[in-house]
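Overview (structure and organization)
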Amino acid sequence: MRDARGRGGMRGRGRAMPYKGQPPFRTFIPHVPFDLVQCEVAFPRVKPAPDETHFTEALLKRNQDLTPTTAEQSAVLNLVTKINNVLDNLIVAPGSFEHIEEVRQVGSHKKGTMMAGHNVADIVVILKILPTREAVQGLGKKVVEEVRNADPKEVLTMLPNESGFEVSSAEATVKVLVTTIPPNLRKLDPEIHLDAKTLQMNLAAIRHARWFEENAFHSTIKVLIRLLKDLHSRFMGLEPLTPWIIDLLAHYAIMNNPNRQPLPINVAFRRCLQLLAAGFFLPGSVGITDPCEGGNVRVHTVMTLEQQDQVCYTAQTLLRVLSHGGYKKILGMEGDSSIATEMSVWEGVVVTPSEKAYEKPPEKPEGEGEG
């Protein structure tokens, strides 16, 4: 009997039969998790909305605590300006280093979402040449040398790393992320050049900064990003959320609503937890499509299935604590992060942490299940 997998498959209706022993192919149709903000009309209130003045004040106070001081911002800006000027001069008058195509500021300093105590800025340098480790180190030395020539009193250190190099003063650090022009990405040799994935990530950082500048300029979005970054750093279950996912989630929670008007910070903060708790970043969810990549890439697919589950059940627990008035512990103004992993009591109501739903299947020994 001839194999049905021959050219053209089965004739007649034009549908290929599934291989023996395999389930029929199904088109993937992502679902939209429940979001009260999008369907509020269908769920009219039976009593007035509670007064959330104290909650809103706490959110703004926490944001103030997380915002860098004027001195911290000045220290970072000072170092960024010096390094940016040197790199710009190397484009205009290359001298001994004539390989720079473009220089762009990216990251939290550029976006205005820097955190207190984290005086770090990011600059991407696009090289015309293939980025060998020697060329990157040479650029780092050249930058430090030129900054010192301009200001002999400046004490700087330069450390090469997997993404490029970082230059530090006593008060601030600038990470210089090196990449190359896109046509060069196909010519890389892993033995002598920087990692291809790292170079692509550094190029993506430019696209992210540009998108943010055009779409996420509203001040409430920046406040929410800081608050989410703080949750991410204090609750282990939210660690899988990347800075880019946090940026997009904050923008979505504030701007993506029927009125297309920015939501207040208290509503948007709760909505973030509601979305995550409803499975916004689980496998079958539509989630958020990456606006900087082609092909409908859902941003949460960078997380493993275990991580997606972890984010969901952690948000469920935090949302229940928030519903019973525990916002001070969630914001880190009281207590610690144990509310996400241990039972807590709120005015007689017991909140038990959600448990994981995903179990990683056991790995089959090599050769088993084949043949």
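Just above, that's the structure.
Reference entry: report on the structure contained in this document. The structure displayed is predicted, hence computed values, not measured ones. (Residues numbered from 1 in each chain as written. Predicted model: local features only at pLDDT ≥ 70, side-chain atom pairs only at ≥ 80, totals over all residues. Heavy atoms only, no water.)

**Concerning the overall build of the protein**
When helices and strands are counted, the protein shows 10 helices and seven strands. A principal-axis box enclosing the C-alpha atoms of the protein has dimensions of 75 × 65 × 45 Å. By residue count, 42% of the 371 residues in the protein fall in the buried class. Considering only contacts within the protein whose residues lie at least 6 apart along the sequence, 65% involve residues at least 24 apart. Summed over its atoms, the accessible surface of the protein is roughly 21,900 Å², and 53% of this surface lies on carbon and sulfur atoms. (Helix = DSSP H or I, 4+ residues; strand = E, 2+ residues; numbered from the N terminus. Buried < 20%, exposed > 50% of the residue type's maximum accessible area, 1.4 Å probe, protein only. Contact = heavy atoms within 4.5 Å. Areas by Shrake-Rupley, 256 points an atom, 1.4 Å probe, with all protein chains shown as cover.)

**Topic: the packing of helix α1 (residues 53-66) against helix α8 (residues 265-277)**
Running from N to C, α1 and α8 point in directions that differ by 80°, and their axes come no closer than 9 Å. For the element pair α1 / α8, the angle class is roughly perpendicular. Mapping the contact onto sequence places Phe 55, Thr 56, Leu 59 and Leu 60 in α1 and Ile 265, Asn 266, Phe 269 and Arg 270 in α8. The residue inventory of the contact of α1 with α8, partitioned by class, reads five nonpolar, two polar and one charged. (Axes fitted to C-alpha atoms, helices over the stretch in contact; angles between N-to-C directions. Parallel < 35°, antiparallel > 145°, perpendicular 65-115°, else oblique. Nonpolar A, V, L, I, M, F, W, Y, C, P; charged D, E, K, R; others polar.)

**Description of the sheet that holds strand β3 (residues 157-161)**
Strand order across the open sheet formed by five strands is β1-β2-β5-β4-β3, with mixed pairing between neighbours. With one partner strand each, in any of the chains shown, β1 (100-106) and β3 form the two edges of the open sheet. The average angle at which neighbouring strand axes cross in this sheet is 20°, direction not considered. Sheet topology places strand β2 (residues 120-127) next to strand β5 (residues 173-180); eight bridges connect them, and they run parallel. Looking at the pairing, Val 124 lines up with Leu 177 of β5. This element, helix α2 (residues 70-92), spans β1, β2, β4 (164-168) and β5 of the sheet and lies at about 165° to β1. (Pairing = 2+ DSSP bridges.)

**Structural notes on the packing of helix α7 (residues 243-255) against α8**
Put simply, α7 and α8 touch, their axes get as near as 9 Å, and they point 115° apart. Accordingly, the angle class assigned to the pair α7 and α8 is roughly perpendicular. For α7 against α8, the interelement crossing comes out right-handed. Here Leu 249, Tyr 252, Ala 253 and Ile 254 of α7 lie close against α8, whose contacting residues are Ala 268, Arg 271, Cys 272, Leu 275 and Leu 276. For the contact of α7 with α8, a count of residues per class yields eight nonpolar, no polar and one charged. (Left-handed = near helix turned anticlockwise from the far one by under 90°.)

**Section: the packing of aromatic side chains**
Under the defined criterion, the tally for this structure stands at six aromatic pairs. Measuring from centroid to centroid gives 5.6 Å for Phe 34 and Phe 43, while their planes differ by 85°, and the two rings are edge-to-face. For Phe 43, a relative accessible area of 45% corresponds to the partly exposed category. Ring centres of Tyr 252 and Phe 280 lie 5.0 Å apart, and the angle between their planes is 45°; this geometry places the pair in the tilted category. Of the two residues, Tyr 252 sits in helix α7 while Phe 280 sits in the loop between α8 and α9 (305-323), which places them 28 residues apart along the sequence. As far as the burial class goes, Tyr 252 and Phe 280 line up, both buried. One aromatic cluster in this structure is built from Phe 55, Phe 269 and Tyr 327. (Phe/Tyr/Trp six-rings, centres within 6.5 Å; stacked < 30°, edge-to-face > 60°.)

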